[in-house]
Amino acid sequence: VEASVPEEQREAWKKHSAKEFKTKDQFEADVVRHIETTLARSLFNCDEAAAYAGTALALRDRLIIEWNRTQQQQTFADPKRVYYLSLEFLMGRALDNAILNVGMKDVAKQGLEELGFRMEDVISQERDAALGNGGLGRLAACFLDSLATLNYPAWGYALRYRYGIFRQEIVDGYQVEVPDYWLDFNPWEFPRHDVTVDVQFYGGVRKYTDDSGKQLSVWENGEIVTAVAYDAPIPGYGTRTTNNLRLWSSKASHGEFDFTKFNSGEYEASVADQQRAETISAVLYPNDSLDRGKELRLKQQYFWCAASLFDIVRRFKKSKKAWKEFANQVAIQLNDTHPTLAIPELMRILLDQEGLEWDEAWSITQATFGYTNHTVMPEALEKWSVPLVQHLLPRHLQIIYDINFHFLQYVERNFPKEREMLSRVSIIEESEPKRVRMAFLAVIGSHKVNGVAELHSDLVRTTIFKDFVKIYGPDKFTNVTNGITPRRWLHQANPRLSALIASKLGGHEFLRDLNLLHKVEAYVDDEEFRKEFRAIKYANKVRLAEYTKAVEGITVNPSSLFDIQVKRIHEYKRQQLNIFGVIHRYLELKSMSPEARAKVQPRVSFFGGKAAPGYWMAKMVIHLINQVGKVVNADPDIGDLLKVVFLFDYNVSKAEIITPASDISEHISTAGTEASGTSNMKFVLNGGLIIGTCDGANIEITREVGEDNIFLFGNLAEDVEDLRHAHFYGDSFQLDPSLQRVFDTIRSGTFGDAGPFSGLVDSIVDHGDYYLVSDDFKSYVETQGLIDEAYKDQEAWLTRTITAVSRMGFFSSDRCIDEYAEMICELFPPLAVWRREGWF
Ligand code: KOT
């Protein structure tokens, strides 16, 4: 390729080719240049927002240079690439991460200071990129960081939502949703108006016979919507590899207006068409672990899958390799079932456009896809109505039926005595209307299926996909326990702890190899180390206390035990158990003598998280927390002994402040419901202990940190079914007296009008207590008591937290990515591993 460009031309380009800033002076020059030219501002009207914009643009220039280099190198080397299809990427802020990953933290800090700004203030000007609901989207973001850091040639594909997850406000103790329009100024995205894909919807299928007599199908006469690519650079840490996140934006295929309509006087209709097209990528669905079956959501899914696959196939075809090489060049990982339509879409391309035979197309497809399951809860499993799919994607429905036909034939042949299995494993559920079981399609169309923590992967094998284990054998089903990136969740969120560890381990290499943390354990008795570790935790608590004062107006004492539960509000995550426990604590305090009160461990209960806008029960939990806070925080009998804080609008950048400040965090889902959880890992890595059920990754955290360094309670997953049964069919059940007292207090109006809370209480007392709050309440309260006692011995507590931190190496997302690469994609990092100069 290079030889095709004349020598002189190459020389001229080389001479003027963009250079990356290296020194503080060059950094400052770039920032000032952008502020003065790109932004048309000056020294005299440069506020923090402009300083942020200038800094981001300077950093962006640097990223682009390495991004171009990476993409060029990958184009030449043409290695196997991995594509991560996820409808959610919960990225948070990019600037701090970019500065850290290119190794310019000190340069940028000093440079900004010389220009008159504090780095923290500049960084906090950035809006979060909040294209996700919670754990699933944040996992995708951690994976991108690890893939780039480990030099894997990887692309993320998603939608460019105009509105990310809504901003949460609290009015009179109730959640109010405010739209999150985040694209006003987004220096991290690059519109690629030349990279577009036309995506079809509706229409019909025509069969025809080609010249050789072969029967073919063509999907035609549909409505076309254009996908436009927007790219964002994903820099790895300590490497020059800078990968790509490609987001698709929808627009009308005829551009701004349909001029035929426009000129014939149908102005409104032409604008309406345009708006309808743009609606596809307008908004992120705000439901976590819930399937609502809305047509627009299906449109989003297909639009994104079709555009991404077209792009992937286009890239593959450039290499001129044979189709049988496809799965050696391309690995596509499906983040839950949301991208499952990619399976029939690849089949459609191979059969209808490339003319491959069914068997070859199918073996390529199966070898290409891997599927990650994130939940076994029935209400989250996607099932699309057959009439809806028929209407929107007629050819795909045919292909799905054909896949099902081949699959059921195979099952029938291999399990002739188990005919009743056929309806159980059929992709089509025989309901009214019939529905497509997307998880089954994903299993059948992939070569590997994994769960996200050991218990969850066991449940995947023994419950929802039990029959498929029998059909395909156990090797198709595996586990990859989730992880988190230590760059954001240790170094960025807790720079002082990262520095302390680095001072003992001789540098920051542990950020690339988190197992090195085990060496920290040698310092558990080192007085100087302990002193600094304790001071860091205290400083992080002071920071959260200041934040709480500033945004909630509530004064909390940083010497109290900080107890934190931040995550999406969901009945299965049981924030209601937590707040009932808080009410119980309040009632106990109220009934104590002053002498007894003097011995109580002061505590602050922090909550945070969004409820899906249509999820009434979750919204009532938020309301109850706020109402309890109002009463408890104002009660002069209680003072500092108990404070209750609801931190509104929990998001990634707030998590970076909240996570390092816990003494205890709560991960208390009904056993068997939380597939993994990832905030549990973040809290422990930052020197907090956890109270948790035997669920998700809590179990592996226990195995790693040791039983003495975690507070487990509650019933086990294996007993859940029987307990639920007992609620429905057992003798009239006796509520624990202290939980009864909590309910009586709520009903008496102590926390305001009890009406809104009746649903919460009734679901436990009258409707079978599906999430087993009453079964676990006693053991929960007792365990909280143990925590109060344990916390009083501050030295022993400190020992536990340091020990736990040193044993968290396993939970790096780098480890996950290596496991995925080996087991699922058979992907190896390119031989030429680029390290940033002078780093390691
Ligand atoms: C399901 C449907 C729509 C939106 C989100 C989901 C979803 C999210 N399903 N599971 N999750 C969470 O995924 C995390 C990452 O694996 C897990 O840590 C967490 O336990 C899941 O609840």
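Up top you'll find the structure we're talking about.
This section reports on the structure supplied with the text. Here the structure is a predicted model, which means the values were calculated and not measured. (Residues numbered from 1 in each chain as written. Predicted model: local features only at pLDDT ≥ 70, side-chain atom pairs only at ≥ 80, totals over all residues. Heavy atoms only, no water.)

**A short note on the layout of surface pockets**
Part 1: Of the volumes computed, that of the largest pocket is approximately 1,000 Å³.
Part 2: Along its surface, the largest pocket is lined by 34 residues, and Asp 96, Lys 105, Glu 120, Gln 492 and Pro 495 are the ones closest to its centre.
Part 3: For the lining of the largest pocket, the elements supplying multiple residues, two or more each, are α4 (95-101), α5 (105-114), α6 (119-123), α20 (486-492), α21 (495-505), α22 (527-552) and α26 (652-658).
Part 4: Looking at the lining of the largest pocket residue by residue, the classes come out as 14 nonpolar, 8 polar and 12 charged.
Part 5: A domain-level breakdown of the lining of the largest pocket finds at least three residues from each of domain 1 (20-77 + 98-127) and domain 3 (557-805).
Part 6: Among the secondary structure elements, those contributing two or more residues to the lining of the second largest pocket are α1 (7-16), α2 (24-38) and α3 (48-77). (1 Å grid on protein atoms, 1.4 Å probe; cavity = no way out; pocket = protein on both sides within 12 Å on 5 of 7 lines; lining within 4 Å. Points joined across faces, edges and corners; volume = space filled by probe spheres on them. Helix = DSSP H or I, 4+ residues; strand = E, 2+ residues; numbered from the N terminus. Nonpolar A, V, L, I, M, F, W, Y, C, P; charged D, E, K, R; others polar. Domains from an automatic or database assignment.)

**Description of the pairing of strand β20 (residues 603-608)**
Part 1: A large share of β20 lies buried, amounting to 6 of its 6 residues.
Part 2: Neither face of β20 is exposed, since Arg 603, Ser 605 and Phe 607 on one face and Val 604, Phe 606 and Gly 608 on the opposite face are all buried.
Part 3: Judged from the 6 bridges that link them, strand β19 (residues 561-566) and β20 form a sheet pairing that is parallel. From the neighbouring strand, Leu 561 faces β20, where its bridge partner is Arg 603.
Part 4: In terms of strand pairing, β20 meets strand β21 (residues 642-647) through 6 bridges, oriented parallel. What sits directly across from Ser 605, in β21, is Val 644.
Part 5: Regarding topology, helix α25 (residues 616-633) serves as the crossover connection from β20 to the parallel β21, and that connection is right-handed. (Buried < 20%, exposed > 50% of the residue type's maximum accessible area, 1.4 Å probe, protein only. Pairing = 2+ DSSP bridges. Right-handed = clockwise from strand over helix to strand, strands pointing away.)

**Focus on the sheet that holds strand β15 (residues 428-429)**
Part 1: Strand order in the open sheet formed by 3 strands is β14-β16-β15, with antiparallel pairing between adjacent strands. For this open sheet the edge positions go to β14 (383-385) and β15, each flanked by a neighbour on one side alone.
Part 2: Pairing geometry for β14 and strand β16 (residues 435-437), over 3 bridges, is antiparallel. The residue of β16 that forms the bridge with Trp 384 is Val 436.

**With respect to the environment of Glu 223**
Part 1: Residue position: Glu 223 is located in strand β10 (residues 223-235).
Part 2: Note: C-alpha distance between Glu 223 and Gln 200 (23 residues apart in sequence) is 5.5 Å.
Part 3: A distance of 2.9 Å separates a polar atom in the side chain of Glu 223 from a polar atom in the side chain of Arg 276. (Polar contact = N/O pair within 3.5 Å; in protein donor to acceptor, adjacent residues only side chain to side chain.)

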